[in-house]
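Observations on the three-dimensional arrangement
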Amino acid sequence: DGGITQSPKYLFRKEGQNVTLSCEQNLNHDAMYWYRQDPGQGLRLIYYSQIVNDFQKGDIAEGYSVSREKKESFPLTVTSAQKNPTAFYLCASSIMGQRRPNQPQHFGDGTRLSIL
Amino acid sequence: ILNVEQSPQSLHVQEGDSTNFTCSFPSSNFYALHWYRWETAKSPEALFVMTLNGDEKKKGRISATLNTKEGYSYLYIKGSQPEDSATYLCAFRANNAGNMLTFGGGTRLMVKP
């Protein structure tokens, strides 16, 4: 089945440590996104990518980094510079393009990151 | 940062009740309004993508309306069932934002049998 796979489901990080969250999609979507959710808040955009080897900062990019070396993969690294990384992280993808505007985003199941 | 608000934050209804909730968004620079349903332990799934003022969309017992001039959308659930229990998210897409969405905080619906 086509979909988005995020791993791991749960992740624990020690203070001062970088961790990488995986996001893979087999939907052949051009665009991919990373969101963060904190308790009682909506989804906030961290980074997004519309094409391989290109990505843009979202509203809360500080302390995070991404890469887009392959169309299928958009890993997110939470660096030690992110002072409050405990949150739920969701990856999404969507079709891009003028011929099919207004396509919804498709989401993974998320990764919950906690600080030890 | 765009302001997208949903109300109420949470809602408890009895099975069989009809309910509705609101998403408010900027009335200028509108491109599209998305609705998603997010059940516990699952991933959010798309319900509707709405683009035209006055648009009304329906999927089973769930329907949504759109008023872009005043900047709001309503989501209605007719005859709520326990399986409708979920968080309902709306997301605003601005005209100059590419595919980027700004999400509201969600309305958490709990339907008691």
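Before reading on, note that the structure itself is shown above.
The text that follows walks through the structure, step by step, so that each part is easy to find. (Residues numbered from 1 in each chain as written. Chains lettered and ligands numbered in written order. Predicted model: local features only at pLDDT ≥ 70, side-chain atom pairs only at ≥ 80, totals over all residues. Heavy atoms only, no water.)

Attention now goes to the environment of Leu33 of chain B. Residues and elements named next belong to chain B. Considering the arrangement of structural elements, one finds Leu33 in strand β4 (residues 30-38). By relative accessible area, which is 0% here, Leu33 ends up buried. In the structure, Leu33 is positioned 18 residues away from Thr51 in sequence and 6.4 Å away in space, judged by C-alpha atoms. (Helix = DSSP H or I, 4+ residues; strand = E, 2+ residues; numbered from the N terminus. Buried < 20%, exposed > 50% of the residue type's maximum accessible area, 1.4 Å probe, protein only.)

Residues and elements named next belong to chain B. Spatial strand order, β1-β3-β8-β7-β6: five strands in an open sheet with antiparallel pairing. Since the sheet does not close on itself, it has two edges, and those belong to β1 (5-7) and β6 (56-59), each with one partner. On average, adjacent strands in this sheet sit at an angle of 15° to one another, irrespective of strand direction. Where strand β3 (residues 19-24) and strand β8 (residues 72-77) come together, six bridges link them in antiparallel fashion. In the strand pairing of β8, Thr22 is matched with Tyr74. (Pairing = 2+ DSSP bridges. Axes fitted to C-alpha atoms, helices over the stretch in contact; angles between N-to-C directions.)

All right, on to the interface of chain A and chain B then. Across the contact, 23 residues belong to chain A and 21 residues belong to chain B. Taking both sides of the interface into account, the surface hidden between chain A and chain B amounts to around 1700 Å²; carbon and sulfur atoms contribute 59%. Together, Leu43, Asn102 and Phe107 of chain A form the three largest contributors to the area buried by chain A at its contact with chain B, with a combined 33%. Put simply, chain A and chain B have five residue pairs in polar contact (both at pLDDT 80 or more) between them. (Contact = heavy atoms within 4.5 Å. Buried area = accessible area lost by both parts, 1.4 Å probe. Polar contact = N/O pair within 3.5 Å; in protein donor to acceptor, adjacent residues only side chain to side chain.)

Turning next to the packing of aromatic side chains. Within the structure shown, the criterion is met by 16 aromatic pairs over all chains. Ring geometry for Tyr33 of chain A versus Tyr35 of chain A: centroids 6.3 Å apart, planes at 25°, classification stacked. Summarising the burial analysis for this pair, Tyr33 of chain A and Tyr35 of chain A share the class buried. Both rings, one in Phe107 of chain A and one in Tyr36 of chain B, keep their centres 5.5 Å apart while their planes meet at 90°; by these two values the pair is edge-to-face. (Phe/Tyr/Trp six-rings, centres within 6.5 Å; stacked < 30°, edge-to-face > 60°.)

A few words now on the pattern of salt bridges. Inspection of the entire model under this criterion finds six salt bridges over all chains. Across the pair Lys42 of chain B and Glu39 of chain B runs a salt bridge, and its minimum N-O distance is 3.9 Å. According to the relative accessible area criterion, Glu39 of chain B is partly exposed, its value standing at 24%. One salt bridge in this structure joins Arg61 of chain B and Asp84 of chain B, with 2.8 Å as the shortest N-O distance. With Arg61 of chain B in the loop between β6 and β7 (62-67) and Asp84 of chain B in the loop between β8 and β9 (86-94), the pair connects residues that are 23 residues apart, well separated along the chain. A relative accessible area of 32% places Arg61 of chain B in the partly exposed class. Within the structure, one salt-bridge network assembled from shared partners comprises Arg36, Asp38 and Arg44 of chain A. (Salt bridge = Lys/Arg side-chain N within 4 Å of Asp/Glu carboxyl O.)

The subject of this paragraph is the side chain of Arg93 of chain B. Position of Arg93 of chain B among the secondary structure elements: in strand β9. In this structure, Arg93 of chain B is buried with no salt-bridge partner, the nearest side chain bearing the opposite charge being Asp30 of chain A at 12 Å. Ignoring sequence-local partners within four residues, the contact set of Arg93 of chain B consists of Asn102 of chain A together with Asn29, Phe30, Tyr31, Ala32, Gly98, Asn99, Met100 and Leu101 of chain B. (Lys, Arg positive; Asp, Glu negative; His and termini not counted.)

All names here are of chain B. The buried fraction of β4 is high, at eight of nine residues. Relative to strand β5 (residues 45-50), β4 runs antiparallel, the two being bridged by five bridges. In the sheet register, Leu33 faces β5, and the bridge partner there is Met50. Adjacent in sequence and paired antiparallel, β4 and β5 are bridged by six residues, among which Ala41 carries a positive phi angle near 65°.

That's the geometry; what it means functionally is another story.
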